[in-house]
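# Overview (structure and organization)
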Amino acid sequence: MKKMLTLLLSAGLAATATQAISGPKEDLEKFRTHFEQRFPGIQLDDFGNGPYALDANKRLQWEDMEEFPPYDVYVDKGREIWETPFKNGKSFASCFGKDASKVRPKYPHWDKAAGKVVTLEGDINKCLKANGEKPFGWKKGKIAHLGAYLGYEARGKKLNVVIPNDPKALQAYEEGKRFFYAKRGQLNVACADCHVYYPGQRVRGQLLSTALGQPTHFPVFRAKWAKKGKGDGMGTLHRRYGGCNKQVRARPFKAQSKEYRNLEFFHTYMSNGLEINAPGYRE
Amino acid sequence: MKKLIAAFGLALLITGCNATTPEKPASKQAQYEAALKNAQAAVDKAASVGGEWRDIRWKKSKKKYLPSAIEAAKAGDYDKALKLLEIVQFQAEAGYKQAMAQKNAGPRF
């Protein structure tokens, strides 16, 4: 009897330990498998097209839109920002390197020295400050235009977030993961509820996209964000995070807060291997 | 019997007086101040675990229950302020409980 109890207890502990040490790699495999089983006909890269991968009619409308995409003008504005020298004569290339196509695939990444997740937007403003320029706003406007240009230049390159074997990096990943799966707000809804368990379903008139592939196309041009008083349509991933949190009636965190940076770390890692196709168009 | 009637009359008189005496504004104010203190503490507690809900005090919320309660009290409408603080208290406590319950959230697959 004693042996039996010991055996059961060891088995229980082993199971708990396995669950506790389920690392990023295992998470990614399970995440991928979930979507492959849920949408067996969809190719991996097509998940980057969001709801347009799930609905044939919406896809047709989107393909029409892509013939003269509304984000084109902002890609050009971003190029101008990239090429315009700062007052000190330097430019963004002095911070990021001359090849604009290599910038976007580096983000987000773990900065060991700073002990935090670094995002593209964070480094854009860091570069501006270092060169005596005024930083951009975090969610829309110039920061999204420059992001759109860098995304456009990186089209076809694959997302490749690395989670280093560093306890702090793993903690940031785990925090991002927890944020993603935690229900929040008055509506008691998690990111995962819409984008893992119910993609393809509708919320009012909107078709829910899969979490797999979402970070590939940010910054995006959203028709909703082009309405009067909302901006020119362009917005960053953190702007969208804030919008989602607001919609479930949770108080949104600030763009580039630790919470959203960690979320971006986890969220983008889950789409590793997918092609960057930013900027995207979304309703 | 006479005594009984007198006692009954006296009781009626006391109850009547109580019912017709309006609550002093000062006591409403005290109630409001206590409720505000409790509500603010509950909101801070919810915020400390990232569990604050949108409509309590977020600047872009159309409702902003907590600032609206403070405004109502400033205008002397303590009844409205107390009603709003009740909502704040409930939402803050619920947000905290939700965040605690989701502390170990993870995938269901």
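Quick note: structure is the one above.
Now for a description of the structure that goes with this document. (Residues numbered from 1 in each chain as written. Chains lettered and ligands numbered in written order. Predicted model: local features only at pLDDT ≥ 70, side-chain atom pairs only at ≥ 80, totals over all residues. Heavy atoms only, no water.)

### Concerning the overall build of chain A
Along the backbone of chain A there are eleven helices and seven strands. Looking at the 283 residues of chain A, the share that counts as buried comes to 51%. When contacts within chain A are restricted to residue pairs at least 6 apart in sequence, long-range pairs at least 24 apart make up 69% of them. For chain A, the exposed surface amounts to about 14,300 Å²; the carbon and sulfur share of it is 54%. (Helix = DSSP H or I, 4+ residues; strand = E, 2+ residues; numbered from the N terminus. Buried < 20%, exposed > 50% of the residue type's maximum accessible area, 1.4 Å probe, protein only. Contact = heavy atoms within 4.5 Å. Areas by Shrake-Rupley, 256 points an atom, 1.4 Å probe, with all protein chains shown as cover.)

### Observations concerning the overall build of chain B
Per the secondary structure count, chain B includes four helices and zero strands. For chain B, the N- to C-terminal ordering of α and β elements is α-α-α-α. Burial analysis of chain B (109 residues in total) assigns 31% to the buried set. In chain B, 59% of the contacts between residues at least 6 apart in sequence involve partners at least 24 apart. When the accessible area of chain B is evaluated, it comes to approximately 7,400 Å², of which 60% is carbon and sulfur surface.

### Here we look at the layout of surface pockets
There is about 460 Å³ of room inside the second largest pocket. If you trace the second largest pocket, you find 21 residues lining it, with Arg178(A), Phe179(A), Arg184(A), Val49(B) and Gly50(B) closest to the centre. Residue assignment for the lining of the second largest pocket shows that the elements contributing at least two residues are α8 (167-181) and α11 (258-269) of chain A together with α4 (78-101) of chain B. For the lining of the second largest pocket, a count of residues per class yields six nonpolar, eight polar and seven charged. (1 Å grid on protein atoms, 1.4 Å probe; cavity = no way out; pocket = protein on both sides within 12 Å on 5 of 7 lines; lining within 4 Å. Points joined across faces, edges and corners; volume = space filled by probe spheres on them. Nonpolar A, V, L, I, M, F, W, Y, C, P; charged D, E, K, R; others polar.)

### Digging into empty space enclosed by the protein
Residues and elements named next belong to chain A. Evaluated as defined, the whole model comprises two cavities of 30 Å³ or more. When its volume is computed, the largest cavity comes out at roughly 160 Å³. Lining of the largest cavity is provided by 14 residues; of these, Arg104, Glu121, Phe218, Leu237 and Glu264 occupy positions nearest its centre. Mapped onto the lining of the largest cavity, the elements with two or more residues apiece are α6 (120-130) and α11.

### So, the nonpolar core
Residue and element names in this part refer to chain A. In this structure, Phe31, Phe35, Phe180, Tyr181, Val196 and Phe265 are the most contacted members of the largest nonpolar core, which totals 37 residues. Among the elements that make up this core, the one with the highest residue count is α8 (six residues). The next biggest cluster of nonpolar side chains, apart from the first, holds 28 residues, and it includes Tyr71, Phe96, Leu120 and Phe136. (Core = buried A, V, L, I, M, F, W, Y, C linked by side-chain atoms within 4.5 Å.)

### Thoughts on the environment of Pro219(A)
Residues and elements named next belong to chain A. Turning to its location among the elements, proline 219 is positioned in the loop between β4 (206-207) and β5 (220-222). On the basis of relative accessible area, proline 219 is assigned to the buried category, the value being 4%. Separated by 75 residues in the primary sequence, proline 219 and alanine 144 have C-alpha atoms spaced 5.9 Å apart. Contact partners of proline 219, with chain neighbours within four places excluded, come to Ala144, Gly147, Ala148, Met234, Gly235, Thr236, Ala278, Pro279 and Gly280.

### Things to note about the state of the cysteines
Here a disulfide denotes a covalent bond joining the sulfur atom of one cysteine to the sulfur atom of another. All names here are of chain A. Overall, the coordinates contain one disulfide over all chains when judged by the stated rule. Looking at cysteine 191, it has no disulfide partner, and the nearest cysteine sulfur is the one in cysteine 244, 6.7 Å off. Looking at cysteine 244, the relative accessible area reads 25%, which means it is partly exposed. (Disulfide = S-S within 2.5 Å.)

### Considering helix α4 (residues 72-83) of chain A
All names here are of chain A. The terminal C-alpha atoms of α4 lie 17 Å apart, and with twelve residues this matches the ideal 16 Å at 1.5 Å per residue to within 8%. All buried positions along α4 are accounted for by Tyr74, Val75, Gly78, Ile81 and Trp82. Taken end-on, α4 shows its buried residues confined to a sector of 115 degrees, consistent with a single buried face. Along α4, exposed side chains directed more than 90 degrees from the buried face belong to Glu80 and Glu83. (Expected span 1.5 Å × (residues − 1). Arc of directions from axis to C-beta.)

Any functional reading would require information that these geometric values do not contain.
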